[in-house]
Amino acid sequence: MASVKSSRSRAHAVTPSKGINKESGTKLEENLNVFKSDNFDADAFVQSKCHSLNEKEIRQLCSYLLDLKRASAEEMRKSVYANYTAFIRTSKEISDLEGELSSMKNLLSTQATLIHGLAEGVHIDSLSDDAPESTSNGSSNDEVKEPTDLEKWLTEFPDLLDVLLAERRVDEALSSLDEGERIASEAKEKKTLGHAVLLSLQTAIAERRQKLADQLAEIACQPSTRGAELRAAISALKKLGDGPRAHSLLLNAHYKKYQFNMKNLRPSSTSYGGAYTAALSQLVFSAIAQAATDSLAIFGKEPAYTSELVMWATKQTEAFALLVKRHALTSSAAAGGLRAAAECVQIALGHCSLLEARGLALCPVLLKLFRPSVEQALDANLKRIEESTAALAAADDWELTYPPSVTRTSGRPAGAVLGSTGAYQHKLSSSAHRFNLMVQDFFEDVGPLLSMQLGGKALEGLFQVFNAYVNTLIRALPGSIEDETSFEGSGNKIVRMAETEAQQIALLANASLLADELLPRAAMKLAPLNQANYKDDLQRRASDRQSRHPEQREWKKRLVNSVDRLKDSFCQQHALDLIFTEEGDSHLSAEMYINMEGNADEIEWFPSLIFQELYVKLNRMAAIAADMFVGRERFAILLLMRLTETVILWLSQDQSFWDDIEEGPRPLGHLGLQQFYLDMKFVTCFASQGRYLSRNLLRVVNDIISKAMSAFASTGMDPYSVLPDDDWFTEIAQDAMERLSGKPKVANGERDLNSPTASVSAQSMSSVRSHGSY
């Protein structure tokens, strides 16, 4: 209770810091008064605060308090780990200081005893000189007395100790020393022995104790001392009162033992780094484990000895890590041998983790020291993937094939990489097959290194490698030669061109399959699920995967965005091929609509040539994509949608085209407006039929039609009065699609393919179209 009151009085004395308002500090002090009372009742206090809460709110409050408790414990653990080295060093210094103070105290006590003994001895001698006669007379009158048992014991005790020490009978010597100290203590307390005799006894005990301690230390330092003999010597030395020295000798004995065993271990005598690491870690961590066991058995959990053990074990672990780096990790890391580096690290961590049961968490020490070498191996491995893929791209014919039956560098067949998931049913070109195979190997190598928190670095590095491969694919497009400056640092710039549409679509098939399926599936090895925790609950497992690994979802999104760059380059190239001639003239100009004014009966209504070519190109690409994107038809649809949007967006944004339409020397006539409307209707029809009519495309088409109709209305005429009904445009668009695709429409017998022209005169050109059509 006194300590509680003292702490409370100190709490009253604490003054607010400079950053705290004095008034708020006073209020906080008042709120804390209820806890300072000796009569504070915790249950009553809680009931007074929670009487208005229902059961659910109380449970939420308890859950919140438990969360705070866990957070506080975690924060305290981090704080302890952050300052653990300083704590151990300070504890060791305090322990050493206490030992030195004890030694000084014993020395001063011995010196004081010696001085008092000398003084009393001089006094006794002077008294004997003053009365020699009386002494001689007295002794002559008395008979010679027999020595007492104590006197006999005092006479024989030094010799007995010498014999026991010479014969190394440690236990008996300890018992005799304990008995001598007991007799000396009783004699001093009861004053049954003279001071000189007592001093002689104490001196004999101290000398033999020191001699026994030196003897035990010599035993502990002998390389031939093993097991029980070492523990007995250390335990006896501790009983002599020299605990710090005994503990240091114990640790040093285990150090010398494994150093002696290491003489037979040579890196050159092992076949590879993993064998050397396994042999070395077996020696080092076995010695640390045995030292920890002996320390606990002899010294218990005293903080000073525990701290010294942790510091010693950390030092040995650091020395072990340096040896592994020098003889195994450095060479494999420099060569990009991620598998070899991973194996060395895993072997070391496996042995090191066994020490956690003895309270020694040394794995963070290893991880910190191994991380730079593993990062070097990781970077070299990624660089090798990038360079190898770029070299293959220079000779890739961009023909999609099923994967060859190859063998992985690990010795396992390629089919074993992805099991029976069906991933190898997809076709890729040769460079993409090689890229995929190396990525599978890569993730199998880097997976065990998640404990080093390299997962994020591995994903980022692989994204950069994939992005470089996408740059290579973009350079393979014939129209992207002028963009070389955009790919600086992307490796080998020599790449075989994809001349045909099939080859160019194969580039997209490579990138999309890698980004959508193969790479994300391989990356899941970085986040293995613990199936035992979920009891085969597949739905819960999938939900947990999505919630626990948002970084992988973000990584896949970045891969897809990189593929979009390739898709944009592909669409822009083909859009420009449609719009411009080789001489740079535009196939899509305002003159093709403005110059149509004349006799409508002489016009064969049909979509303009550029939109016919767009439709034919889309059909041709759709047929190619149907074979290349089996099971991934959505990507093919999005590709055709993007290409159509690119052409229509170019028309929407071509300012010179609209300047001629809206402000040119000749206005847009009703025939030109009708042709323009037919072209846009044709686009929406074939896009709708091909399932790639997007909302954005429909919006842009509507905007374009509105601009054309506004330009026509500026001449003073009503555009709705000159345009036929939508059914007329739809029929011509459908007929055009059938003719261009080679499948003419047949209904009620033979039908003239030019019937749309005939229908023009039959329809009233003055029919008013609904304004809401477009």
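Conventions and cut-offs
Residues numbered from 1 in each chain as written. Predicted model: local features only at pLDDT ≥ 70, side-chain atom pairs only at ≥ 80, totals over all residues. Heavy atoms only, no water. Helix = DSSP H or I, 4+ residues; strand = E, 2+ residues; numbered from the N terminus. Contact = heavy atoms within 4.5 Å. Areas by Shrake-Rupley, 256 points an atom, 1.4 Å probe, with all protein chains shown as cover. Axes fitted to C-alpha atoms, helices over the stretch in contact; angles between N-to-C directions. Parallel < 35°, antiparallel > 145°, perpendicular 65-115°, else oblique. Nonpolar A, V, L, I, M, F, W, Y, C, P; charged D, E, K, R; others polar. Expected span 1.5 Å × (residues − 1). Buried < 20%, exposed > 50% of the residue type's maximum accessible area, 1.4 Å probe, protein only. Phe/Tyr/Trp six-rings, centres within 6.5 Å; stacked < 30°, edge-to-face > 60°. Lys NZ or Arg CZ within 6 Å of the ring centre and 35° of its normal. Salt bridge = Lys/Arg side-chain N within 4 Å of Asp/Glu carboxyl O. Arc of directions from axis to C-beta. Core = buried A, V, L, I, M, F, W, Y, C linked by side-chain atoms within 4.5 Å. Disulfide = S-S within 2.5 Å. Polar contact = N/O pair within 3.5 Å; in protein donor to acceptor, adjacent residues only side chain to side chain.

Trainee: Sorry if this is basic, but what is going on with the overall build of the chain here?
Mentor: Looking only at helices and strands, the chain has 29 helices and zero strands in total. Sequence-distant contacts in the chain: of pairs separated by 6 or more residues, those separated by 24 or more amount to 77%. Of the roughly 42,900 Å² that the chain leaves accessible, carbon and sulfur atoms contribute 53%.

Trainee: What exactly am I supposed to notice about the packing of helix H18 (residues 455-475) against helix H19 (residues 501-523) here?
Mentor: If you want to describe how two helices pack, look at the angle between their axes and the distance between the axes. Between H18 and H19, whose axes approach to 11 Å, the crossing angle comes to 170°. Considered as vectors, H18 and H19 are oriented roughly antiparallel to each other. Of H19, the residues touching H18 (which contributes Leu 459, Phe 466, Tyr 469 and Leu 473) are Leu 507, Asn 510, Ala 511, Leu 514, Ala 515, Leu 519 and Ala 523. For the contact of H18 with H19, the per-class residue count stands at ten nonpolar, one polar and no charged.

Trainee: Would you mind showing me how to read helix H14 (residues 338-353) here?
Mentor: Three- or four-residue spacings in an α-helix give side chains the same orientation, since the helix completes a turn every 3.6 residues. The end-to-end C-alpha distance of H14, which contains 16 residues, comes to 22 Å, matching closely the 22 Å that a straight helix rising 1.5 Å per residue would cover. For H14, the set of buried residues is Leu 338, Ala 341, Ala 342, Cys 344, Val 345, Ile 347, Ala 348, Leu 349 and Cys 352.

Trainee: Would you mind going over the packing of aromatic side chains with me for this structure?
Mentor: Each pair of aromatic rings is reported with the distance of its centres and the angle of its planes. Applying the stated rule across the entire model yields 20 aromatic pairs. With centroids separated by 6.3 Å and ring planes inclined at 45°, the aromatic side chains of Phe 435 and Phe 466 adopt a geometry described as tilted. Of this pair, Phe 435 sits in helix H17 (residues 430-446) while Phe 466 is found in helix H18, placing the two residues 31 residues apart along the sequence. With respect to burial, Phe 435 and Phe 466 carry one shared label: buried. Between Tyr 593 and Phe 676, the ring centres sit 5.1 Å apart and the planes meet at 75°, which makes this aromatic pair edge-to-face. Within this pair, whereas Tyr 593 is found in helix H22 (residues 591-594), its partner Phe 676 is found in helix H26 (residues 670-689), the two being separated by 83 residues in sequence. The class of Phe 676 is buried, set by a relative accessible area of 3%. Among the aromatic residues, those joined into a cluster by ring pairs are Tyr 593, Phe 657, Trp 658 and Phe 676. A cation over an aromatic ring shows up here: Arg 558 above the ring of Phe 463, its NZ or CZ 4.0 Å from the ring centre.

Trainee: Where do I start with the pattern of salt bridges in this structure?
Mentor: Note on pairing: side chains with opposite charge can pair once their charged atoms come close. Summed over the entire model, instances satisfying the criterion amount to twelve salt bridges. Across the salt bridge formed by Glu 517 and Arg 521, the nearest N and O atoms sit 3.8 Å from each other. With Glu 517 and Arg 521 both in helix H19, this residue pair falls four residues apart, about one helical turn. The closest approach of N and O atoms between Arg 642 and Asp 568, which form a salt bridge, is 2.2 Å. Remark: Asp 568 occurs in helix H21 (residues 550-579) and Arg 642 occurs in helix H24 (residues 633-653); sequence separation between them is 74 residues. The exposure class of Asp 568 is partly exposed, given its relative accessible area of 30%. Each of Glu 501, Lys 617 and Arg 620 takes part in a single network of salt bridges with overlapping partners.

Trainee: In this structure, what is going on with helix H10 (residues 227-239)? I would like to understand it.
Mentor: The first and last C-alpha atoms of H10 sit 18 Å apart over 13 residues, in line with the 18 Å expected at 1.5 Å per residue. When we look at burial in H10, the residues that qualify are Leu 230, Ala 233, Ile 234, Ala 236 and Leu 237. Buried residues of H10, viewed axially, fall in a sector of 160°; they line one side. Along H10, the residues that are exposed and aim more than 90 degrees away from the buried face are Ala 228 and Lys 239. Just beyond H10, the residue with positive phi is Gly 241, at close to 95°.

Trainee: What exactly am I supposed to notice about unusual backbone geometry here?
Mentor: Working note: non-glycine residues mostly have negative phi, and peptide bonds are mostly trans. Despite not being glycine, Trp 398 shows a phi value in the positive range, around 60°. Looking at the element boundaries, Trp 398 is found in the loop between helix H15 (363-393) and helix H16 (415-418). Even without being a glycine, Arg 691 presents a positive backbone phi close to 65°. Along the chain, Arg 691 falls in the loop between H26 and helix H27 (695-713). A relative accessible area of 61% places Arg 691 in the exposed class.

Trainee: What is the right way to look at the nonpolar core in this model?
Mentor: The tendency in soluble globular proteins is for nonpolar side chains to be buried side by side. In this structure, Phe 370, Phe 443, Phe 611 and Phe 686 are the most contacted members of the largest nonpolar core, which totals 156 residues. The element best represented in this core is H19, accounting for 13 residues. Residues in contact with Phe 443, not counting those within four places in the same chain, are Leu 459, Leu 462, Leu 519, Ala 522, Ala 523, Lys 525, Leu 526 and Trp 555.

Trainee: Could you clarify how one ought to interpret the state of the cysteines in this entry?
Mentor: Here, disulfide denotes a covalent bond that connects the sulfur atoms of two cysteines. Evaluation of the coordinates by the stated rule reveals zero disulfides. Left without a disulfide partner, Cys 352 is nearest to the cysteine sulfur of Cys 363, which lies 3.8 Å away. For Cys 352, a relative accessible area of 0% puts it in the buried group.

Trainee: For this particular structure, what's the right way to read the environment of Ser 281?
Mentor: Considering the arrangement of structural elements, one finds Ser 281 in helix H12 (residues 273-299). Take Ser 281: its relative accessible area is 0%, and that puts it in the buried class. Excluding residues that lie within four positions of it along the chain, Ser 281 makes contacts with Ser 286, Phe 320, Ile 347 and His 351. Of note is the side chain of Ser 281, whose polar atom sits 3.1 Å from the backbone oxygen of Ala 278.

Trainee: Just checking my understanding: could you explain the environment of Ala 377 for this structure?
Mentor: Within the secondary structure, Ala 377 sits in helix H15. Judged by its relative accessible area of 0%, Ala 377 falls in the buried class. Separated by 36 residues in the primary sequence, Ala 377 and Ala 341 have C-alpha atoms spaced 7.1 Å apart.

Trainee: Hey, could you run me through the environment of Ala 711 in this one?
Mentor: Looking at the secondary structure, you find Ala 711 in helix H27. Apart from residues no more than four positions distant in its own chain, Ala 711 is found in contact with Ile 661 and Glu 662.

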